[in-house]
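Okay, here's what each chain looks like letter by letter:
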Amino acid sequence: MIPAAGLGTRFLPATKELPKELLPVLDRPVIQWAVEEAVASGADEIILVLAEGKEALAAHLRPDLPLERLLEERGKTAELEAVRKAGNLCRVTVARQAAPRGLGDAVLCAAAAVGDRTFLCMLPDDLSLAQTPVLRQLWNAHEQLGTSILALMRVPNDQISRYGCAEIAESRGKLHRVSGLVEKPPAAEARSDLAVMGRYVLTPAIFGALRKTQPGALGEIQLTDAIGSMLEGGDVWGVEFEGELLDVGTPAGWLATNMRLAREHPEFRNAVASAGTAGRS
Ligand code: G1P
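A. Focus on the overall build of the protein chain. Looking only at helices and strands, the protein chain has 11 helices and 13 strands in total. Taking 19 Å as the expected radius of gyration for a compact globule of 281 residues, we find that the protein chain reaches 20 Å, a close match to that expectation. With the C-alpha coordinates aligned to their principal axes, the bounding extent of the protein chain is approximately 60 × 45 × 35 Å. Counted over contacts in the protein chain with a minimum sequence separation of 6, partners at least 24 positions apart contribute 74%. Carbon and sulfur atoms make up 52% of the accessible area of the protein chain, which amounts to about 14,100 Å² in all. Distance from the positive charge centre (30 side chains) to the negative charge centre (36 side chains) of the protein chain: 2 Å.

Structural data, given as structure tokens:
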């Protein structure tokens, strides 16, 4: 499940008309990076939670036969292959969020589409840069422990108020059993330096928890609060994942991620190396 119904306020004015998930990172939009990570992690279906006006996200992930035909006629083989790949990554189902009532509400809007399945949930604001995709690492932990799993990352104290923060009852290496969760705590009140990052394995019990969750931080229905209330009914574990998550949800993060990936990319390396010197002789 990919909740992608947000307004993109952190990225205005770029996102005034264009959904932030369609901003490109190198040669493909953010949503495609997210779906590629999910597919590489074993997902065979994507449930997109969309707000009105964001249908182009689903369209990007579906075949575009007229465009494919045109590229074929013109002999544009590489472009044809790229377009076909984007449109055939996996099955796409769309769920709707009627009003921007928070991440928890967005996840709840996909309840009917998910049904009685344990599922992976990912926020497309971060790209996974890891030998084993971060989502796959979470699924591996789920196979070991059988519970809902959160992606955890240690952050400096002055950054914890941007995230959900996990209180830990017990640790086994990089696996931590969660005893409490607080969404965006003030730094002084944080119970650990472990931030919840935007990757989750969730059991279907999350939907019952979400139905009972009242608006919390920022007046929104918070996924973090619903996962916190699931602790009464069973364990939730977190995994401090290997590798990195790269921010593409803010202009500064997006720019830094593009520069970083470009420097490591055979096709774009030269373009960034010579940036700033172009035009000079
Ligand atoms: C969301 C979650 C938060 C999590 C964060 C990770 O917040 O609510 O718990 O730590 O994603 O990026 P948002 O960034 O949407 O404010």
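Let us keep going from here.
B. Looking closely at the packing of aromatic side chains. One pass over the structure, following the stated rule, counts 2 aromatic pairs. Ring geometry for Phe11 versus Trp254: centroids 6.1 Å apart, planes at 85 degrees, classification edge-to-face. Highlighted residues: Phe11 in the loop between β1 (2-4) and β2 (24-25) and Trp254 in helix α10 (residues 251-263), separated in sequence by 243 residues. Residues Phe119 and Phe207 carry aromatic rings whose centres are separated by 5.5 Å and whose planes lie at 10 degrees to one another, so their mutual orientation is stacked. Placement of Phe119 in strand β6 (residues 119-122) and of Phe207 in helix α8 (residues 205-211) is noted, with a sequence separation of 88 residues between them.

C. The arrangement of the site of the ligand in detail. By nearness alone, every residue bordering the ligand is listed as Arg10, Leu103, Leu123, Tyr163, Gly164, Glu183, Lys184, Val196, Gly198, Gln222 and Thr224. Contacts to the ligand include Gly164, whose backbone N or O atom sits 2.9 Å from an oxygen atom. Here an oxygen atom of the ligand and a backbone polar atom of Val196 are 2.4 Å apart. A total of 380 Å² of accessible area belongs to the ligand in isolation, and the protein chains cover 84% of it. Judged by its atoms lying within 2 Å of the grid points, the ligand is housed in the largest pocket. For the shell around the ligand, a count of residues per class yields 4 nonpolar, 4 polar and 3 charged.

D. Quick peek at the pattern of salt bridges. With the rule as written, the count across this model stands at 22 salt bridges. Counted as one network, the salt bridges with shared partners bring together Asp27, Arg28, Glu36 and Lys85.

E. Here's a closer look at the nonpolar core. Judged by nonpolar contacts, the single largest core of 37 residues is most densely connected at Ile2, Ile31, Val35 and Leu48. With residues up to four places along the chain from it excluded, the contact list for Ile31 reads Ile2, Glu21, Leu22, Leu48, Leu57, His60 and Leu61. Of all hydrophobic cores here, the second largest spans 32 residues; its members include Leu202, Leu223, Ile227 and Val236.

F. Fine view of the sheet that holds strand β5 (residues 91-96). Strand order in this open sheet of 3 strands is β1-β4-β5, and the pairing throughout is parallel. The open sheet has two edge strands, β1 and β5, and neither has a second partner. Between one strand axis and the next, the sheet turns by 25 degrees as a mean value, whatever way the strands run. Looking at chain direction, strand β4 (residues 45-50) and β5 are connected through 6 bridges and run parallel.

G. Broad picture of the packing of helix α3 (residues 65-73) against helix α4 (residues 77-87). Running from N to C, α3 and α4 cross one another at 165 degrees; their axes reach a closest spacing of 9 Å. Considered as vectors, α3 and α4 are oriented roughly antiparallel to each other. By crossing handedness, the relation of α3 to α4 is classed as left-handed. In contact with Leu67, Glu68, Leu71 and Glu72 of α3, α4 contributes Glu79, Leu80, Val83 and Arg84. Residue composition of the contact of α3 with α4, by class: 4 nonpolar, no polar and 4 charged.

H. Molecular detail of unusual backbone geometry. Cis geometry is adopted by the peptide bond preceding Pro13, which originates at Leu12 and carries an omega value of 5 degrees. Of note, Pro13 is situated in the loop between β1 and β2. Phi at Leu26 takes a positive value of approximately 55 degrees, unusual for a residue other than glycine. Notably, Leu218 is not glycine yet its phi reads approximately 60 degrees, a positive angle.

Rules and cut-offs
- Residues numbered from 1 in each chain as written.
- Predicted model: local features only at pLDDT ≥ 70, side-chain atom pairs only at ≥ 80, totals over all residues.
- Heavy atoms only, no water.
- Helix = DSSP H or I, 4+ residues; strand = E, 2+ residues; numbered from the N terminus.
- Rg over C-alpha atoms; globule rule 2.2 N^0.38 Å.
- Contact = heavy atoms within 4.5 Å.
- Areas by Shrake-Rupley, 256 points an atom, 1.4 Å probe, with all protein chains shown as cover.
- Lys, Arg positive; Asp, Glu negative; His and termini not counted.
- Charge placed at Lys NZ, Arg CZ, Asp CG, Glu CD.
- Phe/Tyr/Trp six-rings, centres within 6.5 Å; stacked < 30°, edge-to-face > 60°.
- Near = heavy atom within 4 Å.
- Polar contact = N/O pair within 3.5 Å; in protein donor to acceptor, adjacent residues only side chain to side chain.
- 1 Å grid on protein atoms, 1.4 Å probe; cavity = no way out; pocket = protein on both sides within 12 Å on 5 of 7 lines; lining within 4 Å.
- Sits in = over half its atoms within 2 Å of the grid points.
- Nonpolar A, V, L, I, M, F, W, Y, C, P; charged D, E, K, R; others polar.
- Salt bridge = Lys/Arg side-chain N within 4 Å of Asp/Glu carboxyl O.
- Core = buried A, V, L, I, M, F, W, Y, C linked by side-chain atoms within 4.5 Å.
- Buried < 20%, exposed > 50% of the residue type's maximum accessible area, 1.4 Å probe, protein only.
- Pairing = 2+ DSSP bridges.
- Axes fitted to C-alpha atoms, helices over the stretch in contact; angles between N-to-C directions.
- Parallel < 35°, antiparallel > 145°, perpendicular 65-115°, else oblique.
- Left-handed = near helix turned anticlockwise from the far one by under 90°.

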